[in-house]
Amino acid sequence: MGRKRVGVLLGGMSSEREVSLKTGEAAAAALERLGHDVVRIYVDGDVDQVLRQARVEVAFLALHGKYGEDGCVQGLLELLGIPYTGSGVLASALAMDKLKAKEIFRLHNIATPPYYALPAADADRILAVHGSFGFPAVVKPRREGSSVGVTVVHAADELAEAVRDALRFDDEVLVERFIKGKEICVGVLDGRVLGAIEIAPKREFYDYQAKYTPGSCDYHFPARLSPTRYRCVLTLAEKANRAVGCTGASRVDLIVTEGDNEYVLEVNSLPGMTTTSLLPKIAAGAGYDYDKLVEAILAGAKLHAGGARASAEPTASATPSPSAATKRALAS
Ligand SMILES: Nc1ncnc2c1ncn2[C@@H]1O[C@H](COP(=O)(O)OP(=O)(O)O)[C@@H](O)[C@H]1O
Ligand SMILES: [Mg+2]
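Quick caveat, the model's predicted, so the values are computed rather than measured.

Some details on the domain arrangement of the protein
Okay, so step 1: Taken domain by domain, the protein holds domain 1 (5-86 + 296-331), domain 2 (114-177) and domain 3 (180-269).
Okay, so step 2: Counting residues at the interface gives eight residues for domain 1, matched by six residues for domain 2.
Okay, so step 3: Per-class residue counts for the side of domain 1 that touches domain 2 are one nonpolar, three polar and four charged.

Shown next, in the form of structure tokens:
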């Protein structure tokens, strides 16, 4: 690939800002090693103006969570005509929204833990709503990442606090049956599964601390599964990724039980990309060192919205001139 002027979008306004800064720094350094002209774009409320001024040819998304991973920034880039890495607006929004993603999984017969959703307005009635759902259960915000606001609940008297905690991050929570088993993540690049890694946290589950404190987990690549089981997991992950419609690099999180069951927890449309993150670990096993992975992700950058602009050459300028219709609307 020739030298490109690449905007690396990092930071952002979500609870995963710090993680995004690390992902973005690592990706930007790799893009520079690859010979690209890199502009670091620290995302905030004025990102539209910064993008217009930066005049980048392509955007490399290193954002996580709200506004960055959920289709918002993707929509802005579509409007500006700047091709971007990862998934389009719809797939990003679906992947971020665990409730909608689970509805899609069910539509496609993809096993996912049993659950119910609880809007903030019903929080006071949690015990009645929970009824005979049972324990342990997992309480999580509907749209978050990095295990932020996730609690494993063992008894009824722990429910209310877990719900309150999750509601700090969203106005709706998801309560899921806790599935005991191996935690497996599958890396996907352009629809092709790269492999499955197993995470063995030394804590009760793969919570925020386990994710970001060195030494708090053991990793096994490839995941310690029988060859048949390993193939099943890859197939299920590929199916989940396709159902949600993710493109570029993504990561599917699953739990594999000791019996014969595999459950999809979620699809991450912008997975962590620090040099020690899961996706680069998986990709390394498939022959992609970190820089090669970054280059492959960049090569997949595109506009998704369809129509004339999507099929046009990437705009060298990030300031498209308004169409005649827009000019008329602005003048009236
Ligand atoms: N239903 C479940 N059963 C067992 N563990 C779960 C379940 N849901 C979540 N977890 C644990 O919580 C972690 C984070 O949950 P996840 O749904 O992947 O949200 P996030 O988007 O925050 O990563 C998982 O990696 C897993 O360790
Ligand atoms: Mg997860």
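Digging into the packing of helix H1 (residues 17-33) against helix H11 (residues 290-299)
Okay, so step 1: As a packed pair, H1 and H11 sit with axes 9 Å apart at the nearest point and diverge in direction by 90°. Between H1 and H11, the angle is such that the two are roughly perpendicular. Contacts between H1 and H11 involve Ala-27, Ala-30, Leu-31 and Arg-33 from the former and Tyr-290, Asp-291 and Val-294 from the latter.
Okay, so step 2: Of the residues belonging to the contact of H1 with H11, the class tally is five nonpolar, no polar and two charged.

Considerations on helix H5 (residues 98-107)
Okay, so step 1: Within H5, the full set of buried residues consists of Lys-98, Ala-101, Lys-102 and Phe-105. Viewed along the axis of H5, the buried residues span an arc of 100°, placing them on a single side of the element.
Okay, so step 2: Looking at the buried positions of H5, the neighbouring elements they touch are helix H4 (89-96), strand E4 (115-119), strand E5 (137-141), strand E7 (172-177), helix H9 (227-244) and strand E12 (262-268).
Okay, so step 3: Once H5 ends, the next one or two residues include Asn-109, with phi positive near 55°.

Concerning the sheet that holds strand E3 (residues 58-61)
Okay, so step 1: In space, the three strands of this open sheet follow the order E2-E1-E3, with parallel pairing throughout. Unpaired on one side and paired on the other, strand E2 (37-43) and E3 mark the two borders of the sheet. Across this sheet, the average inter-strand angle for adjacent strands is 30°, counted without regard to direction.
Okay, so step 2: Of the pairings in the sheet, the one linking strand E1 (residues 5-11) to E3 comprises four bridges and is parallel in character. Bridging across to E3, Leu-9 finds its partner in Leu-61.
Okay, so step 3: Sheet strands in contact with H1 are E1, E2 and E3, and its direction is about 160° off that of E1.
Okay, so step 4: Against the sheet, helix H2 (residues 47-54) engages E1 and E2, with an angle of about 165° to E2.

Details of the sheet that holds E7
Okay, so step 1: Strand order across the open sheet formed by four strands is E4-E7-E5-E6, with antiparallel pairing between neighbours. If you trace the sheet from one side to the other, it starts and ends with E4 and strand E6 (151-153), each paired once. Pairs of neighbouring strands in the sheet enclose a mean axial angle of 25°, with direction left out of account.
Okay, so step 2: Sheet topology places E5 next to E7; five bridges connect them, and they run antiparallel. Among the inter-strand pairings, Lys-140 is bridged to a residue of E7, identified as Leu-174.
Okay, so step 3: Running over the sheet, helix H7 (residues 159-167) touches E4, E5, E6 and E7 and is turned about 25° from E5.

Quick look at the site of ligand 1
Okay, so step 1: Of all residues adjacent to ligand 1, which total 19 residues, the nearest are Pro-113, Glu-176, Ile-179, Phe-205 and Tyr-206.
Okay, so step 2: Secondary structure elements with two or more residues in the shell around ligand 1: E5, E7, strand E11 (249-256) and E12.
Okay, so step 3: Across the shell around ligand 1, the residue classes tally to nine nonpolar, three polar and seven charged.
Okay, so step 4: Both domains that meet at the shell around ligand 1, namely domain 2 (114-177) and domain 3 (180-269), each give it at least three residues.

Remarks on H1
Okay, so step 1: Here H1 is 17 residues long and its end C-alpha atoms lie 24 Å apart, about the 24 Å a rise of 1.5 Å per residue gives.
Okay, so step 2: For H1, every residue scored as buried is listed here: Val-19, Ser-20, Thr-23, Gly-24, Ala-26, Ala-27, Ala-28, Ala-30 and Leu-31.
Okay, so step 3: Looking at the buried residues of H1, the elements they touch are E1, E2, E3 and H11.
Okay, so step 4: A positive phi of about 95° marks Gly-35, the residue just after H1.

Quick word on the confidence of the model for the protein
Okay, so step 1: Mean pLDDT over the protein works out to 93, with 92% of the residues at or above the 70 mark.
Okay, so step 2: Overall, residues 314-323 carries pLDDT values under 50, and its contacts beyond four positions in sequence, including any with other chains, amount to 19 contacts.

A look at the packing of H5 against H9
Okay, so step 1: Two elements in contact, H5 and H9, have axes whose closest approach is 10 Å; the angle formed by their N-to-C orientations is 115°. For H5 against H9, the interelement crossing comes out right-handed. Contacts between H5 and H9 involve Ala-101, Ile-104 and Phe-105 on the former and, on the latter, Ala-240, Ala-243 and Val-244.

What about the pairing of E1?
Okay, so step 1: When you tally the buried positions in E1, you get five out of seven residues, the bulk of the element.
Okay, so step 2: The pairing of E1 with E2 spans seven bridges and is parallel. Within E2, the residue paired with Leu-10 across the bridge is Tyr-42.
Okay, so step 3: In terms of handedness, the path from E1 via H1 over to E2 forms a crossover that is right-handed.

Scoring rules and cut-offs
The numbering scheme is per chain: residues are counted from 1 as the chain's sequence reads. For naming, the first written chain is A and the first written ligand is 1, with later ones following in the order written. Given that the model is predicted, a residue must reach a pLDDT of at least 70 before its local features are reported, and side-chain atom pairs must reach 80 or more before they are shown or counted; all residues, however, enter totals for whole chains, interfaces and linings. As annotated, the domain borders come from an automatic or database domain assignment. Here the contact rule is simple: place C-beta atoms from the backbone, and any two residues whose C-beta atoms are within 7 Å are in contact. Any residue outside Ala, Val, Leu, Ile, Met, Phe, Trp, Tyr, Cys, Pro, Asp, Glu, Lys and Arg is labelled polar, Gly included; the first ten of those are nonpolar and the last four are charged. Angles here are taken between N-to-C directions and fall from 0 to 180 degrees, while the axes themselves are lines fitted to C-alpha atoms, restricted in helices to the stretch in contact. Each helix is a run of DSSP H or I of at least 4 residues and each strand a run of E of at least 2, with the numbering of both proceeding from the N terminus. Angles are sorted into four bins: roughly parallel if under 35 degrees, roughly antiparallel if over 145, roughly perpendicular if 65 to 115, and oblique for all others. Whether a residue is buried, exposed or partly exposed is read from the other C-beta atoms within 10 Å of its own C-beta, which are placed from the backbone; 20 or more gives buried, 12 or fewer gives exposed, and intermediate counts give partly exposed. Arc definition: it is the arc formed by the directions from the helix axis to the C-beta atoms. Criterion used throughout: strands pair if DSSP finds at least two bridges between them. Nearness is defined per residue: the C-beta atom, placed using the backbone, must lie within 6 Å of the molecule or strand. Under the convention used throughout, the expected extent of a helix is 1.5 Å for every residue step, that is, one less than its residue count. The predictor attaches a confidence to each residue, and that confidence, scored 0 to 100, is pLDDT. Crossing chirality is assigned from the near helix's rotation relative to the far helix, an anticlockwise turn below a right angle marking it left-handed and a clockwise turn marking it right-handed. A clockwise path from the first strand over the helix to the second, with the strands pointing away from the viewer, defines a right-handed crossover.

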